[in-house]
Structures are given as structure tokens and as C-alpha cells.
Amino acid sequence: MSSYALYRGTTLGQALDQTLNDMEEEGLLPKSLVSKVLNQFDKSMNKQISRLPKEKMNFCATQLLTYRYCDNVWTFILNNVTLKDPQRSFDEPIEKLKIVACDGRQTTLLQGMSGQGPSKRVGRQADDDDDSD
């Protein structure tokens, strides 16, 4: 059973990927184990996220900047978003909000995400600055 690789782009996913790639380059881990760890990360993240409380939140945006539907995944980018939640209060509108929605019941890996994104290794120069993102 495969899971969405959606959370590999998070800070945690990128840090795990970088660490695993470094360990692979140093000969501490075989490539097959790196792949298994990343697949387990995908499964674990999806399982934990699905356990979060399912709260409803209302939002109102002044502008829908972009929307896309590809491989059963909706992506929306909204400008000037006001959030309304009965549990919390949000005083300031959010300048830009990205919403990625996919069917949680689907168990196939996203085709567009395999071999792309943070799991793709990029070489760095010795004089590159770590603070530039």
C-alpha cells in the first residue's frame, strides 16, 4: 500500500530527505533503505494527519489567484484570506494562502511527485550561504 508523498515538501520531510541522502553518500545506508524510510515517512504522516480533529473552518478570500486540478489533487492559491473558526480568533487576514486538497481514501502514489521535489538531490557550492531560501 502506497501513500501520498505530499509531506516530503515540509520542513520535516526535507530535513529527513537531506539526512538520508547524506548518509547514503557516506555509505552508511543503502539506496533501498533510504527509499523504504521515505515511504514509511509518507505512510506515517498520512496516518497521523488523518487522526487530527476534523474541524470546520470558514474562509473568505478577496482574490483566487490560481487553481489547478491534476492527478486527483486540487491546488488553490488565494490572496487576502480571512479565517473564521469557532475555537480560535484570527485578527489579521493572511496575505497569501495555498490549499492542497487530495482524496485521503486514495492509496496510490502521486505520479507527479515521484522523483521530483525535495527527494531530488541538488549539488551545492562550498561558498553557498545556508540562510538563502
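If you check an unreviewed UniProt entry, the protein appears there as Transcription initiation factor IIA subunit 2 from Caenorhabditis japonica. Regarding the protein, the UniProt comment filed under Sequence similarities (unreviewed entry) reads as follows: "Belongs to the TFIIA subunit 2 family." Taken directly from UniProt, the Subcellular location (unreviewed entry) text for the protein runs: "Nucleus".

(A) Structural context of the packing of aromatic side chains. Under the counting rule described, the total for this entry stands at two aromatic pairs. With a centroid separation of 4.7 Å and an interplanar angle of 45°, the aromatic rings of Tyr69 and Trp74 are classed as tilted. Measuring from ring centre to ring centre gives 5.5 Å for Trp74 and Phe76, while their planes differ by 10°; the resulting arrangement is stacked. Assessed through its relative accessible area of 35%, Trp74 is described here as partly exposed. Every member of this aromatic cluster is reached through a ring pair, and the members are Tyr69, Trp74 and Phe76.

(B) Expanded view of the pattern of salt bridges. Applying the stated rule across the entire model yields one salt bridge. Here Asp42 and Arg8 are joined by a salt bridge, their closest N and O atoms 2.6 Å apart. Here Asp42 is found in helix H2 (residues 31–50), whereas its partner Arg8 is found in the segment before helix H1 (11–25), with 34 residues between them in sequence. Grouping residues by exposure puts Asp42 and Arg8 together as buried.

(C) The arrangement of H2 in detail. Taking 1.5 Å as the rise per residue, H2 with 20 residues should run 28 Å; its terminal C-alpha atoms sit 29 Å apart, in good agreement. Buried within H2 are the following residues: Val34, Leu38, Phe41, Asp42 and Met45. Down the axis of H2, the sector holding all buried residues measures 95°, keeping them to one side. Where H2 is buried, its residues meet H1.

(D) Focus on H1. The terminal C-alpha atoms of H1, which comprises 15 residues, lie 21 Å apart, in line with the 21 Å expected from a rise of 1.5 Å per residue. For H1, the set of buried residues is Gly13, Asp17, Leu20 and Asn21. The buried residues of H1 occupy one face: seen down the axis, they fall within an arc of 100°. Of the exposed residues in H1, the ones pointing more than 90 degrees away from its buried face are Thr11 and Leu12.

About the thresholds
- Residues numbered from 1 in each chain as written.
- Predicted model: local features only at pLDDT ≥ 70, side-chain atom pairs only at ≥ 80, totals over all residues.
- Heavy atoms only, no water.
- UniProt positions renumbered as here; feature names shortened; annotations may be inferred.
- Phe/Tyr/Trp six-rings, centres within 6.5 Å; stacked < 30°, edge-to-face > 60°.
- Buried < 20%, exposed > 50% of the residue type's maximum accessible area, 1.4 Å probe, protein only.
- Salt bridge = Lys/Arg side-chain N within 4 Å of Asp/Glu carboxyl O.
- Helix = DSSP H or I, 4+ residues; strand = E, 2+ residues; numbered from the N terminus.
- Expected span 1.5 Å × (residues − 1).
- Arc of directions from axis to C-beta.
- Contact = heavy atoms within 4.5 Å.

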